[in-house]
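# A closer look at the structure
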Amino acid sequence: MEKRVRFNEDHCKSCELCIGVCPKKIIRLRTELNRLGYHPAFVPDEDQEKCISCALCARMCPDAVIEVFRP
Ligand code: SF4
Ligand code: SF4
């Protein structure tokens, strides 16, 4: 399955800004920690098709973690 939004999870700092701006409310934090010791943001595979590729999350992220693809 092709992803519409991809997170470079090892660079995420769990600031949750992306979660706040996503109009579809599909971004979550993992329970596991990344290499920096944060719970990284991600979009579950089953919710990828709900993403509308608006890229608001990518623009908001201070750490350039998120890549968005057009379907
Ligand atoms: S591109 Fe838009 S809809 Fe998709 S995860 Fe980011 S904010 Fe949500
Ligand atoms: S905005 Fe970026 S750093 Fe903040 S939680 Fe989202 S992906 Fe992680």
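One structure accompanies this document, and this report is about it. From a predicted model like this one, the values you see are computed outputs, not experimental measurements.

### Let's talk about the overall build of the chain
Secondary structure summary: the chain contains 2 helices and 4 strands in total. For the chain, the sequential pattern of α-helices and β-strands runs β-α-β-β-α-β. Its C-alpha atoms give the chain a radius of gyration of 11 Å, near enough to 11 Å, the size a compact globule of 71 residues would have. The dimensions of the chain, computed from C-alpha atoms along their principal axes, are 30 × 25 × 15 Å. Taken across its 71 residues, the chain has 23% of its residues classed as buried.

### A closer look at the site of ligand 1
Within the structure, ligand 1 sits among 16 residues, and Cys22, Cys51, Cys54, Leu56 and Cys57 are positioned closest to it. Class assignment for the residues of the shell around ligand 1 results in 14 nonpolar, 1 polar and 1 charged.

### Looking at the site of ligand 2
Near ligand 2, the surroundings consist of 14 residues, among which Cys12, Cys15, Cys18, Cys61 and Val65 are the closest. When the residues that make up the shell around ligand 2 are grouped by side-chain class, the tally is 10 nonpolar, 1 polar and 3 charged.

### A short note on the nonpolar core
With 15 residues, the main nonpolar core has Phe7, Cys18, Ile27, Ala41, Val43, Cys57 and Ile66 as its most contacted residues. Among residues more than four places away in sequence, those in contact with Cys18 are Ile27, Ala41, Cys57, Met60, Cys61 and Ile66.

### Things to note about unusual backbone geometry
Even without glycine at this site, Ser53 takes up a positive phi of about 55 degrees. Within the secondary structure, Ser53 is located in the loop between strand S3 (41–42) and helix H2 (56–60). Even without being glycine, Ala64 reaches a positive phi, approximately 50 degrees. Its location among the elements puts Ala64 in the loop between H2 and strand S4 (66–68).

Basis of the calculations
Residues numbered from 1 in each chain as written. Chains lettered and ligands numbered in written order. Predicted model: local features only at pLDDT ≥ 70, side-chain atom pairs only at ≥ 80, totals over all residues. Helix = DSSP H or I, 4+ residues; strand = E, 2+ residues; numbered from the N terminus. Rg over C-alpha atoms; globule rule 2.2 N^0.38 Å. Buried ≥ 20, exposed ≤ 12 C-beta atoms within 10 Å, placed from the backbone. Near = placed C-beta within 6 Å. Nonpolar A, V, L, I, M, F, W, Y, C, P; charged D, E, K, R; others polar. Core = buried A, V, L, I, M, F, W, Y, C linked by C-beta atoms within 7 Å. Contact = placed C-beta atoms within 7 Å.

From the geometry alone we can't say anything about function, so treat these as descriptive.
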